[in-house]
Structure formats: structure tokens, C-alpha cells
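# Working through the structure, step by step
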Amino acid sequence: MKTNSKFTTTNSIESVINSIHRILTSTLDEAYIAVKDRKMKGASCKGMISVFRRSDLQEGDGKKATPIIKYAFYDSTYNPGCLGSIAIYGENLASLCSMIKKSRSLFGHRVIEVSMEQGRRPFIDVKFAA
């Protein structure tokens, strides 16, 4: 089985999250900002990146701002410590899901499965090769 070299054991999930954060930071329009959240202790989620409208963060208390999109990163079941999936929450999920299905890629990484899911709120589940 061919593996995606970007997800080998030499690239920890933390380094992949940092790389994706750099991609978002360098490609977002000036009206938006990407904020990397800390990993929560005991949670299966290994990290998050939220994208906010810059104006929402500048108005009053930025802690109450709602992200327009949030990426939650999870370990691979088959290769713990490496990225296995990303849950995407936010606006326009149907169109984003269609784009990812067509391109079969997200942040330059090969996608093996994409689906719309329903948890506490709807999200896109993006799975990568192990």
C-alpha cells in the first residue's frame, strides 16, 4: 500500500497542525485570521485551528467571537501520533465538502474519504491515508 509521505511517522500530528496553520496564515485574506488552539488534556482531539473574521475579534470581547470555520485534528487509528482525520465545522459546509470530494486533497494532503456527519452540530469528516 502506498502511503502519503507527508503523514509518515517523522511528521507528528503537531508538526502537521503547525504546517496547516502556516498555510492558512499565508493564504487567508486580510479580513480573516487563523488562530491555533491548544490541545485539550484527555481529549481525543489533538489540536484545533479556528478562522475568524478579524473585525469580529476587534469588536468588544474577542473571546465571544464565533469562528467562521474550525478544524479539529485527530490521530490516525492505524498510526497513532500521525494525522488521521480532520473534522471541519462552520459555514457553507456542503460546498466545502463538494470541493474536497472533487479535489481529493486538503492542504496538499491526499484525502481518502470525505463525508458530512452530524454530531452536536454538522461537520465534514475528512480522512487521510494511514
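Here the structure is a predicted model, which means the values were calculated and not measured. (Residues numbered from 1 in each chain as written. Predicted model: local features only at pLDDT ≥ 70, side-chain atom pairs only at ≥ 80, totals over all residues. Heavy atoms only, no water.)

It is worth spelling out the overall build of the protein at this point. Helix and strand counts for the protein come out as 3 helices and 7 strands. For the protein, the α and β elements follow one another from N to C terminus as α-β-β-α-β-β-α-β-β-β. Taken over 130 residues, the protein has a buried fraction of 37%. Carbon together with sulfur atoms contributes 51% to the accessible area of the protein, which is approximately 8000 Å² in total. (Helix = DSSP H or I, 4+ residues; strand = E, 2+ residues; numbered from the N terminus. Buried < 20%, exposed > 50% of the residue type's maximum accessible area, 1.4 Å probe, protein only. Areas by Shrake-Rupley, 256 points an atom, 1.4 Å probe, with all protein chains shown as cover.)

What follows concerns the side chain of serine 85. Residue position: serine 85 is located in strand E4 (residues 83-90). Filtering out sequence-adjacent residues up to four positions away, serine 85 remains in contact with Ala72, Phe73, Tyr74, Asp125, Val126, Lys127 and Phe128. (Contact = heavy atoms within 4.5 Å.)

Counted according to the given criterion, the structure contains 2 aromatic pairs. An angle of 70° between the planes, with centres 5.3 Å apart, marks the rings of tyrosine 71 and phenylalanine 107 as edge-to-face. Linking tyrosine 71 in strand E3 (residues 69-75) with phenylalanine 107 in the loop between strand E5 (105-106) and strand E6 (109-118), this pair joins segments that are 36 residues apart in sequence. Since its relative accessible area comes to 16%, phenylalanine 107 is described here as buried. The interplanar angle of 40° and the centroid separation of 5.3 Å between the aromatic rings of tyrosine 89 and phenylalanine 123 together place this pair among those described as tilted. Residue tyrosine 89 is found in strand E4, and its partner phenylalanine 123 is found in strand E7 (residues 122-128); the two are separated by 34 residues along the sequence. (Phe/Tyr/Trp six-rings, centres within 6.5 Å; stacked < 30°, edge-to-face > 60°.)

On to the environment of aspartate 37, then. Note on placement: aspartate 37 falls in strand E1 (residues 32-37). Those residues in contact with aspartate 37, other than ones at most four positions away along the chain, are Gly47, Met48, Ser50 and Lys70. Polar contacts involving the side chain of aspartate 37 include one to the side chain of serine 50, which spans 3.3 Å. (Polar contact = N/O pair within 3.5 Å; in protein donor to acceptor, adjacent residues only side chain to side chain.)

Moving on, we come to the pairing of E4. Of all 8 residues in E4, 7 are buried, a share of seventy percent or more. Two elements, E3 and E4, share 7 bridges in a ladder whose sense is antiparallel. Within E4, the position partnered with phenylalanine 73 by the bridge is isoleucine 86. Sheet topology places E4 next to E7; 4 bridges connect them, and they run antiparallel. (Pairing = 2+ DSSP bridges.)

Before going further, it helps to examine helix H3 (residues 93-103). Those residues of H3 not exposed but buried are Leu93, Leu96, Cys97 and Ile100. Seen end-on, H3 carries its buried residues on one side only, within an arc spanning 100°. Away from its buried face, by an angle of more than 90 degrees, H3 presents the exposed residues Ala94, Met99 and Lys102. Next to the buried residues of H3 lie E3, E4, E5, E6 and E7. (Arc of directions from axis to C-beta.)

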